[in-house]
Amino acid sequence: MLIGLSILKAAFNSFGDPMKKSLSLILAAVAAALALPAAAQFAKPEDAIKYRKASLTVIGTHFGRVGAMVNGRVPFDAKVAAENVDLVADLAKWPWTAFAEGTDKGETRAKPEIWKESGKFKEAADKFQAETLKLQAAAKTGNLDAIKTAFGATGASCKACHDTFRKD
Ligand code: HEC
């Protein structure tokens with residue numbers, strides 16, 4: 001990061017003044033966008049709530065398809081399992097910015113603890129993402145036993161978060 005910044009700075013200093021001016025405007029705009037609270041990325045709190053529920057629903061759908069194979073309800077197909085796991089691993093990054101301040105009311109089961117203990121909530125989200133990466137590695141091997149173990153650990157990370165941060 002620091003190295004990247006100093007390269008940017010060196011490049012910046014090599015430009016002429018008008019160029020510098022427009023570049024610094026762009027950089028200022030980028031910095032402002034990065035500094036915006038996540039809520040500002042959504043026009044309304046309801047939009048953030050809809051977004052996180054939608055992404056969690058899709059996560060649940062694809063995780064459930066893997067679960068059906070793990071539990072023997074549908075025949076195991078390594079390729080289909082890996083495809084579903086890949087989707088879960090990608091989607092695992094999505095819901096969290098939508099738990100912005102001020103999105104605790106309305107059509108939501110989010111508990112106030114999410115904002116009161118935001119560090120713990122982030123830890124739970126990170127843990128879940130780490131488990132999905134392990135599940136992804138297991139799915140790549142095509143070994144059902146390895147998938148079962150990693151699926152169990154991932155499911156436990158969903159449950160741990162729901163137990164603390166989601167209303168029944
Ligand atoms: C870091 C916390 C956390 C983790 C990890 C997590 N969830 Fe959730 N989940 C929540 C919260 C909070 C809600 C309630 C969201 C709301 O109503 O605004 C929720 C809601 C849901 C919903 C309901 C969405 C809706 O439309 O109301 C489903 C389905 C779901 N989660 C599935 C899962 C599955 C499956 C996993 C793991 C593969 C998982 N979640 C992991 C916190 C988490």
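As a starting point, this report considers the structure included with it. Since this is a predicted model, take the numbers as computed values, not measurements.

Grouped together as the largest cluster of nonpolar side chains are 25 residues, with contacts concentrated most on Val-66, Ala-81, Val-85, Val-88, Leu-135, Ala-139 and Ile-147. Looking at this core, the elements with two or more residues in it are α3 (45–70), α4 (78–91), α6 (118–141) and α7 (144–165). Beyond its immediate chain neighbours, meaning those up to four positions away, Ala-81 contacts Val-66, Met-69, Phe-76, Ala-139 and Ile-147.

Another aspect to go through is the packing of α6 against α7. In the contact formed by α6 and α7, the axes pass within 8 Å of each other and the chain directions differ by 165 degrees. Relative to α7, the element α6 lies roughly antiparallel. Crossing angle aside, the handedness with which α6 passes α7 is left-handed. Contact with α6, carried on its side by Phe-121, Ala-124, Lys-127, Phe-128, Glu-131, Thr-132, Lys-134, Leu-135, Ala-138, Ala-139 and Thr-141, involves Ala-146, Ile-147, Ala-150, Phe-151, Ala-153, Thr-154, Ser-157, Cys-158, Ala-160, Cys-161 and Phe-165 of α7 and no other residues of that element. Within the contact of α6 with α7, the residues separate by chemical class into 15 nonpolar, 4 polar and 3 charged.

Here we take up the site of the ligand. What surrounds the ligand is a group of 22 residues, the closest being Gly-60, Thr-108, Phe-128, Cys-158 and Cys-161. Elements supplying a minimum of two residues to the shell around the ligand: α3, α6 and α7. The greatest single-element share of the shell around the ligand, amounting to 8 residues, is contributed by α3. Looking at the shell around the ligand residue by residue, the class counts come to 12 nonpolar, 6 polar and 4 charged.

A few words on the environment of Ala-89. Structurally, Ala-89 is set in helix α4. The spacing of Ala-89 and Gln-129 is 40 residues in sequence and 7.0 Å in space, taken between C-alpha atoms. Setting aside chain neighbours within four positions, we find Ala-89 in contact with Thr-132, Leu-133 and Gln-136.

What counts, and where the lines are drawn
Residues numbered from 1 in each chain as written. Predicted model: local features only at pLDDT ≥ 70, side-chain atom pairs only at ≥ 80, totals over all residues. Core = buried A, V, L, I, M, F, W, Y, C linked by C-beta atoms within 7 Å. Buried ≥ 20, exposed ≤ 12 C-beta atoms within 10 Å, placed from the backbone. Helix = DSSP H or I, 4+ residues; strand = E, 2+ residues; numbered from the N terminus. Contact = placed C-beta atoms within 7 Å. Axes fitted to C-alpha atoms, helices over the stretch in contact; angles between N-to-C directions. Parallel < 35°, antiparallel > 145°, perpendicular 65-115°, else oblique. Left-handed = near helix turned anticlockwise from the far one by under 90°. Nonpolar A, V, L, I, M, F, W, Y, C, P; charged D, E, K, R; others polar. Near = placed C-beta within 6 Å.

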